[in-house]
Amino acid sequence: MPRKFRLGVIALRAFVVIFFVFMLAPILVVFVASFGTRDYVSFPMEGFSLKWYWRVYEYKPFLNSLIFSIELAIASTILAGLLGVPAGLALSRARSNLGQFVTMFLLAPLSIPLIVLGLALLYYMSLLGFGIGFWSLLIGHAVVGLPYIVRTVTAVHRSLDIGIEESASILGATRWQIVLHVTLPLIRSAMFAGFLFCMLSSLDNLTISFFFGTATTSTLPVVMLSYLEYQFDPSIAAIGVIQMLLTITVLLVVDRVYGLGKLNIAD
Amino acid sequence: MLSRSNAARIGFRGAVGFAWVLPSTVFLIAFFVFPLIHNGLKGFTESGEQSAVTSYARLLTEAYYLGTIVQTLVLSLVVTLISLLLGYPIAYYLVRYADKSANLIIFLLIAPLLTSIVMRTFGWKVLFARTGLLNMLLQQIGLTVRPINLMNGYVATVIGLVHVLIPFMVLSISSVLRGIDRRLEESAQILGANKLQTFLLITLPLSVEGILTGSILVFMLTNGAFVSILLLGQGTIHTLPLLIYQQFMVTRDVNFASAMGNILLVFALVCLFAQLRVLRRRN
Amino acid sequence: MAIGTTASSDIAIEREEADGGTASGWLTLDNVSKRFGQHVAVHPTTLKVAPGHLMSLLGPSGCGKTTSLRMVAGFEAPDTGAVLIDGQDLSSLPPNRRKLGMVFQNYSLFPHLNVSENIAFGLKMAKRGAAEIGERVRTMLDLVQLRGYDERYPHQISGGQQQRVALARALITNPRVLLLDEPLGALDKNLRENMQFELRSLQRRLSITTLLVTHDQEEALTMSDQVAVMNHGRILQLGSPTEVYERPTTRFVAAFLGTSNLFEGTAIESEGDLCRVKLSPSVGGLEEVVVPTTRRVPSGSPIAFVVRPEKLQLSIDNSRKNGFAIEALVLDCIFRGSYYTCQLRVTGSNEPMIAYLQAQEAGGNDMPRAGSRTYLSWTPSSAVLLDEDLKC
């Protein structure tokens, strides 16, 4: 292999390594900072302490909002799932213009700036009488999370051999039976990947949640944000690490039980 | 000819009928389309200070607000360009050179999405702060004696945004690159082109669709970006989302905020339309 | 690989008892047609398959055979006409209520279920009891010689075994009609030949009306009671395998089923069951020849007839047995195991002619050498007149 070419590849490889240092840096830094001993974030680190984790436990808004965020994420994913899975199954093989239009429509919330949607939803909900609170948040998060589910279900159902569903039909299965006994078991792992993305988007959603925040219905990101406006101490780091570990655990569990397979995210 | 069952008449398109899209469609119309329409129409019935016409007039004529709109677009452009320049090589490496490490790379790209955006942005603050990591390193190396203010709002914000959005660019480009037949590149090389020429004349043009998709996506997402700017901008950056936030929190001028939101919405719709054109071109 | 006779006759008896002992299973397509947008997939077609018979729809891809099958299954709705089984119109029934069995081209076994669960599926959907399901699955496994494979998954068994599972799965519900969509296409040649006999044998024993779709003429000829040759959405000829092969009615059918040598000309006169034809262009020095005909042919009308390769007789000299001879140049002779296939160039014909010689006839020294001259002839009854009015 010509030398000039090899240098090029080495340089590219080095670039990739630096890139991933860049990608992981903030996360690692936060991880390390969460064990600081000082009352503010500082380097070099003087010691190793778990006191900020204790602080998270003590500071009620953190813990309460974490629990609330998890409840909201689960609830909104269930809602988005109930709406999105049937839609995804129906649209996966639609070749008509109407079908493609509806697919695009269901994926549209991904493209709309959340801050505009949040503001619009706030006044619309108060008009409808929903006010701010759990139900409004639930609806808002479901709207934003729906595209993740539709996208994953559509993609994986499309790759399924249609002959399998036709076989089931000839063998006497009604529509419900086909979905229950054949379709769902076969798309299960991708479906759970979609659910996972939906939950993550809900957990991390700050912009929409911020409009609906009250004392009792604030989500974790909103609480973290307001905390950061006044303080710069490592407890943010600690709660961030806790959330991250929770997410990774769920991911591993779901993968172990159902297998996540390949995630087709670029589509 | 009469038929009792629609299934036989319409033909079999899979187990699920088209009616199964209705719940989600109705849901989105009710809680996505209507709120945005409601927001769009807000203020057109009032007159004077509160009216929509006044709002839009102010937004489009007063220097400060025009400047904000321009800053939003410029920031999006900057982030998009940097993401493209940095992301393309990564995508190229991922598709062409990474065999065993491909899964690892994809995981590393997605991993940041598993953490809270507040946490990631906080991480950048920590890196750049007076008592932060970079300052410590610089002092240890001996380049500086005292902590310096690395937190140039603009630079930090751009870095933060690129960090969040570059995975989208990389994945868009890599999926298109993956579809390029290697043999086209090999043919070019047999015909005498060196690696650089092959890249510029064959690979790059064929990957344009990925570049466009990724760029439009990143541009659109930066337009609506909010958290990173709020936490890293240090008050020096004024974009539309930030302004909307301030209008809402401080002045409570809802109509004005709505108007700003609508302008942002128009930008998003233009981007969506552009994306459609790119997809249509493929088909 | 014999199939257990006891098991299949058990099932045959079961079927008869279930049907009240009367002959049943007439499958009728009555004036059925289908178009997709501008493209007509199937022109109005009427077809009847007798109870217990196997009919093949044979043709190239795009000829409408698969669409016809899918209309019987219920996956496509006919634009006109109706599909009937024993006189019952199926138009209002969705696929799952038609009581049919179907084997798909790639078998389409359920990947997440094992062999016995796959086979049991139809019974499970009909909400049968576990004990009954267990027993009938066991019977089926015996029938297709897969005893012991019940716990395996589709990806763990071979293509031939998958095919048998697909068959068992289709038959377990005692369907009135069996639909086969290119069932042997994915198998390799040896396996395919064996399976042709097995499948046919099973179908006969169970006496189940069957519609088979294939592009493989050998398959159609081997397995069918009747063959319907299709092209461009129409049935060109319907008949027994022998009829369709020995007496094709159109050029397309003649060319699609086996090889044929085509001759064109004009009718000079026809008398009784013979017609004298002037060959145009003249072939290998032959100007006129007599061809058998079943109908009166007006003088001057255009004529086309075919002679099958195995009916061509080669001789070294111009001895004019049969009263005529065509001069030909041997291009090449290839040994095919049980026969030789020879390519011959003949003046007046653009295409080389093909002749088959039995290995015994032409063995050793008598095999025509490339470049040698030879004379072709055939018995008058070997020529088959084509119906030029029928569009291909």
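Here is what the cut-offs are and how they apply
Residues numbered from 1 in each chain as written. Chains lettered and ligands numbered in written order. Predicted model: local features only at pLDDT ≥ 70, side-chain atom pairs only at ≥ 80, totals over all residues. Helix = DSSP H or I, 4+ residues; strand = E, 2+ residues; numbered from the N terminus. Buried ≥ 20, exposed ≤ 12 C-beta atoms within 10 Å, placed from the backbone. Contact = placed C-beta atoms within 7 Å. Domains from an automatic or database assignment. Pairing = 2+ DSSP bridges. Axes fitted to C-alpha atoms, helices over the stretch in contact; angles between N-to-C directions. Nonpolar A, V, L, I, M, F, W, Y, C, P; charged D, E, K, R; others polar. Core = buried A, V, L, I, M, F, W, Y, C linked by C-beta atoms within 7 Å. Arc of directions from axis to C-beta. pLDDT = per-residue confidence, 0-100.

Enquirer: So what's going on with the overall build of chain B? Residues and values would help.
Expert: Helix and strand counts for chain B stand at 14 helices and 0 strands. When the elements of chain B are put in sequence order from the N terminus, they spell out α-α-α-α-α-α-α-α-α-α-α-α-α-α. Relative to its 283 residues, chain B shows a buried fraction of 43%. Of the contacts formed within chain B by residues at least 6 apart in sequence, a portion of 72% connects residues at least 24 apart.

Enquirer: Mind laying out the overall build of chain C, listing which residues take part and the relevant values?
Expert: Counting its secondary structure elements, chain C contains 10 helices and 20 strands. Here the C-alpha coordinates of chain C stretch approximately 75 × 50 × 40 Å along the principal axes. Classification of the 392 residues of chain C by burial places 43% in the buried group. Long-range pairs, those at least 24 residues apart, make up 67% of the contacts in chain C with a sequence separation of at least 6.

Enquirer: An account of the domain arrangement of chain C is needed here, citing residue identities and associated values.
Expert: Examined at the domain level, chain C breaks down into domain 1 (5-99 + 175-252) and domain 2 (259-385). A straight line from the C-alpha centre of domain 1 of chain C to that of domain 2 of chain C covers 35 Å.

Enquirer: Give a detailed account of unusual backbone geometry, specifying residues and quantitative values.
Expert: All names here are of chain C. Here the amide bond leading from serine 280 into proline 281 is cis, since omega sits at 5°, within 30 degrees of zero. Within the element layout of this structure, proline 281 appears in strand E12 (residues 274-283). A positive phi angle is found at lysine 127, which is not glycine, with a value near 60°. Residue placement: lysine 127 occurs in the loop between helix H3 (115-125) and helix H4 (130-143).

Enquirer: Give me the sheet that holds strand E7 (residues 177-181) of chain C: which residues, what numbers.
Expert: Residue and element names in this part refer to chain C. Strand order in the open sheet formed by 6 strands is E6-E7-E8-E3-E9-E10, and the pairing between neighbours is mixed. Among the strands making up the open sheet, the edge pair consists of strand E6 (100-103) and strand E10 (234-239). Here the average twist between neighbouring strands, direction ignored, is 20°. In terms of strand pairing, E7 meets strand E8 (residues 209-214) through 5 bridges, oriented parallel. In the sheet register, valine 177 faces E8, and the bridge partner there is threonine 209.

Enquirer: Quick one: what's the story with the interface of chain A and chain C, residue by residue and with numbers?
Expert: Accessible area lost upon the coming together of the parts serves often as the stated size of an interface. If you look at the interface, chain A gives 16 residues, while chain C gives 18 residues. Looking at the side of chain A that touches chain C, the elements that each hand over two or more residues are helix H7 (162-170) and helix H8 (175-203) of chain A. When residues of the side of chain A that touches chain C are assigned to their parent elements, the largest contribution, 7 residues, is made by H7(A). In the side of chain A that touches chain C, the residues fall into 8 nonpolar, 6 polar and 2 charged.

Enquirer: If you had to explain the environment of Thr216(A) to someone new, which residues and values would you point to?
Expert: All names here are of chain A. The topology assignment puts threonine 216 in the loop between helix H9 (207-211) and helix H10 (220-230). With 10 C-beta atoms counted inside 10 Å, the residue threonine 216 sits in the exposed group. Along the chain, threonine 216 and phenylalanine 134 lie 82 residues apart, while their C-alpha atoms are 9.2 Å from each other.

Enquirer: Just give me the short version of the nonpolar core, but keep the residues and values in it.
Expert: Of all hydrophobic cores here, the largest spans 257 residues; its most connected members are Leu165(B), Met260(B), Ala168(C), Leu179(C), Leu211(C) and Val229(C). Take this core: its biggest share by element is 15 residues, from H8(A). Not counting chain neighbours up to four residues away, the residues in contact with Ala168(C) comprise Ile119(C), Met140(C), Leu141(C), Leu143(C) and Val144(C).

Enquirer: Quick rundown of the interface of chain A and chain B? Include the residues and the values.
Expert: Chain A puts 71 residues into the contact, and the matching count from chain B is 70 residues. Considering every element that reaches the side of chain A that touches chain B, the biggest residue donor is helix H1 (residues 3-33) of chain A, with 15 residues. Of the residues contributing to the side of chain A that touches chain B, the split by class is 56 nonpolar, 10 polar and 5 charged.

Enquirer: So what about the sheet that holds strand E4 (residues 80-85) of chain C? Which residues, and what values?
Expert: All names here are of chain C. Taken in spatial order, the 4 strands make up an open sheet running E2-E1-E4-E5, and their pairing is antiparallel. Of all strands in the sheet, those bounded by a partner on one side alone are strand E2 (39-49) and strand E5 (88-89). Pairing of E4 with E5 involves 2 bridges; the strand directions are antiparallel. Within E5, the position partnered with leucine 84 by the bridge is aspartate 89.

Enquirer: Describe helix H3 (residues 52-61) of chain B, naming the residues involved and giving the relevant values.
Expert: Residues and elements named next belong to chain B. Within H3, burial applies to Ala52, Ser55 and Leu59. Axial view of H3: buried residues confined to an arc of 60°, hence all on one face. Facing away from the buried surface of H3 by more than 90 degrees, the exposed residues are Ala57 and Thr61.

Enquirer: Tell me about the confidence of the model for chain B, and please be specific about residues and values.
Expert: Looking at chain B as a whole, the pLDDT averages 82, with 86% of positions reaching at least 70. Of the regions scoring below 50 in pLDDT, residues 1-11 of chain B engages in 22 contacts with residues more than four places distant in sequence or in other chains.

Enquirer: Any chance you could break down helix H13 (residues 240-251) of chain B for me, citing the residues and the numbers?
Expert: Of all the positions in H13(B), only Leu240(B), Pro241(B), Leu242(B), Leu243(B), Ile244(B), Tyr245(B), Gln247(B) and Phe248(B) are classed as buried. Just downstream of H13(B), Arg252(B) is the residue with a positive phi angle, here 55°.

Enquirer: Before we move on, could you go through the pairing of E6(C) and cite the residues and values that matter?
Expert: Residue and element names in this part refer to chain C. Along E6, one buried face is formed by Leu100 and Met102 and the opposite face, lined by Gly101 and Val103, is buried too. Sheet topology note: the E6/E7 ladder contains 4 bridges and is parallel. Paired with glycine 101 across the two strands is leucine 178, which belongs to E7.

Enquirer: Can you lay out the environment of Gln197(B) for me, pointing to particular residues and giving the numbers?
Expert: All names here are of chain B. Position of glutamine 197 relative to the elements: it lies in helix H10 (residues 195-206). The exposure class assigned to glutamine 197 is partly exposed, which follows from the 13 C-beta atoms found within 10 Å. On a C-alpha basis, the gap between glutamine 197 and glutamate 185 in space is 10.0 Å, while along the polypeptide they are 12 residues apart.

Enquirer: Help me get a handle on the environment of Thr173(C), residues and values and all.
Expert: Among the secondary structure elements, Thr173(C) is positioned in the loop between helix H5 (159-171) and E7. Thr173(C) gets classed as buried once you count the C-beta atoms within 10 Å, which come to 20. Separated by 73 residues in the primary sequence, Thr173(C) and Leu100(C) have C-alpha atoms spaced 8.4 Å apart. Those residues in contact with Thr173(C), other than ones at most four positions away along the chain, are Leu171(A), Gly172(A), Gly101(C), Gly122(C), Leu123(C) and Ala126(C).

Enquirer: Go over the pairing of strand E18 (residues 353-358) of chain C, please, and point to the residues and values.
Expert: All names here are of chain C. Residues Met353, Ala355 and Leu357 line the buried face of E18, whereas the alternating positions Ile354, Tyr356 and Gln358 sit on a face that is not buried. One ladder, built from 6 bridges, connects strand E17 (residues 339-345) with E18; its direction is antiparallel. Residue pairing for E18: glutamine 343 is matched across the bridge by isoleucine 354.

Enquirer: Explain the confidence of the model for chain C to me, using residue names and the numbers behind them.
Expert: All names here are of chain C. Scored by pLDDT, chain C comes out at a mean of 86, with 91% of its residues at no less than 70. For the stretch residues 1-6, pLDDT sits under 50, and the model shows 11 contacts to residues farther than four places along the chain or on other chains. Predicted confidence is poor over residues 16-23, with pLDDT under 50, and the contacts of this stretch with residues over four places away or in other chains come to 4 contacts.

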